[in-house]
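Here is how the chains run, residue by residue.
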Amino acid sequence: MTQDSPPSNIVRSPVPESWRTALGIRLLPEENVLACLEVDLDERLRFAPGLVALTEARLLAAGAAGEAWSEWPLGAGLSLLHHDHAGVGTVELRNTESRLGAWRYTLAQNLAALRLITQFEAQQHLLRTGVPPDPDGDNLCPTCKAPLPPDEDECPVCTRELHTPPSTWTLFRLWRFARPYEGQLLTGFLLMLGATAATLVSPYLYLPLMDEVLIPFQNGQHIAPTTVAWYLGGLLAAALVSWSLGWAKTYILALVSERISADMRTSTYEHLLHLSLEYFGGKRTGDLISRIGSESDRISVFLSLHALDFITDVLMIVMTAVILVSINPWLALVTLLPLPFIAWMIHLVRDRLRTGFEKIDRVWGEVTNVLSDTIPGIRVVKAFAQEQREVDRFREANRHNLQLNDRLNKTWSLFSPTVSFLTEVGLLVVWAFGIWQVSQHRVTVGTLTAFLAYIGRFYGRLDSMSRIVSVTQRAAAGAKRIFDILDHVSTVPEPLNPVQLPAVRGAIELRDVAFRYGNRSVIRGLSLTIHPGEMIGLVGHSGSGKSTLVNLICRFYDVSEGAIRVDGIDIRSLTVADYRRHIGLVLQEPFLFFGSIADNIAYGRPGASRAEIVAAARAAHAHEFILRLPQGYDSLVGERGQGLSGGERQRISIARALLIDPRMLILDEATSSVDTETEKEIQRALDNLVAGRTTIAIAHRLSTLRKADRLVVMDRGRIVEVGHHDELMERQGAYWRLYQAQLRTAESHLDD
Amino acid sequence: MTESRWQLQRDGFGRLVLTDADGVRHEGVVPVRSFPIAAPHEGIAVVSADGHELVWLERLADLPAQPRQLIEQELAGREFVPEIRRLAAVSSFATPSTWTVETDRGETRFVLRGEEDIRRLGPRMLMIADTHGIQYLVRDIKALDRVSRRLLDRFL
């Protein structure tokens, strides 16, 4: 977007190239464009270019090129509003009585729109008061309120999205994982070279065997045993050498390729775990599991078997070609003639096979997705007696799989026989040409025999090489799917120059925070300051954005606009792990990992001593029930903590949060899934946890939030009320209504 | 709610104002389709600015012309699901990929982040989401021309 030499009357925000002249002639002398919004939709929401430009004195707007311009002088009563819905943003110009104009754009232009509004407001302020508005601290990005680097308009936080496709030469990118094994790979390659050369010795010995032993014998001469012994010994030696070298090479290279794929699997998993929750939200578990599991295995097989064979084949072809040419160039030429033709055929089929295999992979993901949807939800399936429907869904996915396989096999089944056929034809040509040459006494029978022996192998290799096409495509498709994960830049990126977080006090400041999930705006213009040690209760209907807000504070997602600061530091400038260390999280459904109870409590601090674990469990009121278990702290619990009640699991997760001693604590419906009696126990445990920490608690039952210093009432992504319980009750606003509603349900429950 | 009991107008700010059967004015009401894709002309709700349903219309066609036009106008200005008619080009078959498409709302380009952003809504219908969350609809794959189908096929 940056232009090298802006025209003299356009100073800062560059006007898009296509609008330069059209706008330029409308400007008065000394009039500068302050901000520009290039809209891409018209009022009927059709794609059409348009422009809204702000100068010191006017707002100018034009629809599609050639249409009339409209303009409004800036002045009192004018305001510029902006909202978005379903991916379309709207900027409206209003005076006090009516709407003067409205412009629509896709969200790609959102940044420009926000900039226009900021500039508009600044200019209005200037006209009204005569003084330019206080610049907001430092130079801030209009979208995310992150400080901009000096002399730059583009915000590094907002423009980080990656839109370039990965290279198609995906398989070569595997080199990144192969580099640590360069030495072994080189050894393997040299061994391969030797082994291949050794296998080529034997046909070479056919030539003298034929010409010097057999043909003379047919012509009535005696067979010399020593000569024959020498030749046969040579054949045996060649076979032995090629056997031992082949063994060493296969062993070394298979070892390396297994390591490469293991490294790849681990780094993919590592990368995956560092991606934001947003990524996991958009992916299916089955698909991710198959990518990391089977795709990497497929690549390993490709590397250790197919790629190895392929390189051997290429080596063999090159060496054979050299030998053939050295024996008899003409015969060699005829022999090699079908080669380009076959290569061309392979190339022809490649594309079709590759897309076919990619599709099959995706369909395979579909099949596993049905499984991973159904098996965890089996209770729902059974409760609604929908087994047959799920089976049908699975059958449908399988049928789709079959269909694609069938289509691919049509091409594939034709391919291999064609190559074999071409091989036969090639042999035929060599036979014919060879016999003619022999009859002309240009070559000996021995030469022809050696040639036929060579090309028997030679074409055999071509046949197996043609098989490499499909496995390569398969592996490339697999590699692509793995690199898809590896190339995915976390939407919660690590800062380049992270700020060190000193001792945290726990002051949290939310500043004009907005968050959009897809095109749905979940949180809008939210500002809140939380003091160190304060306990905030978040209340509101479900879907009002409470959990999203908590996710933003934990930095599971990054805000779309605005900023969150902890002790005055933007959390985006801290490393994610460093920041999260200071946050304790207790969720509605506590997740216990497979392992002992002690391991689960020490999950956030694996180095914790036994005394610390017990102390944390005591404070969480979990100690006693743990002691009642047969193996105490060493009792094993499964993934969902079988054998433990909801309240017990919850207290373990509270102990887990206590052990890391965080400055900030988040309780997301921590007591919702248990009965009132258990809730009291948990509440006592929580009171220990909350003491002295900045706490944000979400609770459905308002009664559990009585201890909160302030209650924040949210509705549809905004804060509607803030205050203490008594204050809010007095005000008889949103909180009061929520409270009354709960009281009524509680009463009706009692009536039942 | 019977249909004739309420009235719909547009005010100077371009907002719809609904006066309901009890004579209460609701400013900034919004018509919403319940099934924008499956049945766009059935089940339209008029919702107040704070999200409560005020009027339920079984079928838009049953309305008198004046409110129907207002509702249709408003819907046209709010709904944005361009229907892809033709794929002109895709920058690459690996994602992210920039697509140049012709839609019922004109030609445009968008970035497809990953294949999983293409969702099947039925055997022949696709919903494609771009990086900014705009949804593009392919109503019938079979109705696309050969070139578009072939391009699209690479991503399915």
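Procedures and definitions
- Residues numbered from 1 in each chain as written.
- Chains lettered and ligands numbered in written order.
- Predicted model: local features only at pLDDT ≥ 70, side-chain atom pairs only at ≥ 80, totals over all residues.
- Helix = DSSP H or I, 4+ residues; strand = E, 2+ residues; numbered from the N terminus.
- Contact = placed C-beta atoms within 7 Å.
- Axes fitted to C-alpha atoms, helices over the stretch in contact; angles between N-to-C directions.
- Parallel < 35°, antiparallel > 145°, perpendicular 65-115°, else oblique.
- Nonpolar A, V, L, I, M, F, W, Y, C, P; charged D, E, K, R; others polar.
- Expected span 1.5 Å × (residues − 1).
- Buried ≥ 20, exposed ≤ 12 C-beta atoms within 10 Å, placed from the backbone.
- pLDDT = per-residue confidence, 0-100.
- Pairing = 2+ DSSP bridges.
- Core = buried A, V, L, I, M, F, W, Y, C linked by C-beta atoms within 7 Å.

From N to C terminus, chain A includes 22 helices and 19 strands. Put simply, of all contacts in chain A between residues at least 6 apart along the chain, 71% involve residues at least 24 apart.

Residue and element names in this part refer to chain A. Viewed as axis vectors pointing N to C, helix H5 (residues 201-218) and helix H6 (residues 225-274) meet at an angle of 170°, and their least axial separation amounts to 9 Å. The pairing of H5 with H6 is recorded here as roughly antiparallel in orientation. Packed against H5, whose contacting residues are Val201, Ser202, Leu205, Pro208, Leu209, Glu212 and Val213, the element H6 presents Thr227, Val228, Tyr231, Gly234, Leu235, Ala238 and Ala239 at the interface.

Taken together, the 30 residues of chain B in the interface contact 34 residues of chain A. Of all the elements in the fold, those that place two or more residues in the side of chain B that touches chain A are helix H1 (65-78) and strand E8 (106-112) of chain B. Sorting elements by how many residues they give to the side of chain B that touches chain A places E8 of chain B first, with four residues. Looking at the side of chain B that touches chain A residue by residue, the class counts come to nine nonpolar, 15 polar and six charged.

Time to look at helix H19 (residues 646-659) of chain A. All names here are of chain A. The terminal C-alpha atoms of H19 lie 20 Å apart, and with 14 residues this matches the ideal 20 Å at 1.5 Å per residue to within 8%. Among the 14 residues of H19, 13 are classified as buried, and the element is accordingly described as predominantly covered. Positioned one or two residues after H19, Asp661 has a phi angle of 45°, which is positive.

All right, on to the confidence of the model for chain B then. Residue and element names in this part refer to chain B. Per-chain confidence: chain B averages 83 in pLDDT, with 96% of residues scoring 70 or above. Averaged over each element, pLDDT in chain B is lowest for strand E9 (residues 118-120) (82) and highest for strand E6 (residues 84-90) (89). For this predicted complex, the interface confidence comes out at an ipTM of 0.82, alongside a pTM of 0.61.

Here we take up the sheet that holds E8 of chain B. All names here are of chain B. An order of E6-E7-E8 is seen for the three strands of this open sheet, with the pairing classed as antiparallel. Of all strands in the sheet, those bounded by a partner on one side alone are E6 and E8. Along the sheet, successive strands turn relative to each other by an average axial angle of 30°, direction set aside.

Quick look at the pairing of strand E17 (residues 694-698) of chain A now. All names here are of chain A. Among the five residues in E17, five count as buried, and that is most of the element. Neither face of E17 is left uncovered, since the one carrying Thr694, Ile696 and Ile698 and the one carrying Thr695 and Ala697 both have all their residues buried. Note that strand E10 (residues 535-539) and E17 share four bridges and pair parallel. Within E17, the residue paired with Ile536 across the bridge is Ile696. Pairing of strand E16 (residues 664-668) with E17, which is carried by five bridges, proceeds in the parallel orientation. Opposite Met664, over in E17, you have Thr694 as the bridge partner.

Turning next to the environment of Leu510 of chain A. All names here are of chain A. The topology assignment puts Leu510 in strand E8 (residues 508-517). The exposure class of Leu510 is buried, given the 20 C-beta atoms found within 10 Å. A sequence separation of 20 residues divides Leu510 from Ile530, and the C-alpha atoms of the two residues are 8.4 Å apart. Sequence-distant contacts of Leu510, that is, excluding residues within four places in its chain, are made with Leu526, Ser527, Leu528 and Ile564.

Looking now at the nonpolar core. All names here are of chain A. Of all hydrophobic cores here, the largest spans 71 residues; its most connected members are Ala655 and Ile666. Residues within four places of Ala655 in sequence aside, it is in contact with Ile601, Ala616, Ala617, Ala620 and Ala622. In terms of nonpolar packing, the next biggest core, distinct from the first, is built from 27 residues, Leu37, Ala62, Leu80 and Ala113 among them.

All names here are of chain A. With antiparallel pairing, four strands are arranged side by side in an open sheet as E9-E8-E11-E12. Both edges of this open sheet fall to strand E9 (520-530) and strand E12 (569-570), since each of them pairs with a single strand only. Looking at chain direction, E8 and E9 are connected through seven bridges and run antiparallel. Residue Arg516 lies in a different strand from E9, and its bridge partner there is Ser521. In the packing of helix H14 (residues 546-553) onto the sheet, the strands contacted are E8, E9 and strand E11 (561-566), and the crossing angle to E8 comes to about 115°.

This part covers the environment of Leu207 of chain A. Within the fold, Leu207 of chain A resides in helix H5. Between the C-alpha atom of Leu207 of chain A and that of Thr447 of chain A, which follows or precedes it by 240 residues, the distance is 5.5 Å.

A few words now on the environment of Leu41 of chain A. All names here are of chain A. Within the secondary structure layout, Leu41 lies in strand E1 (residues 33-41). Residues Leu41 and Trp103, 62 residues apart in the sequence, show an inter-C-alpha distance of 7.7 Å. If we ignore the near neighbours within four places in the chain, the residues touching Leu41 are Arg46, Phe47, Ala48, Val88, Arg104, Tyr105 and Thr106.

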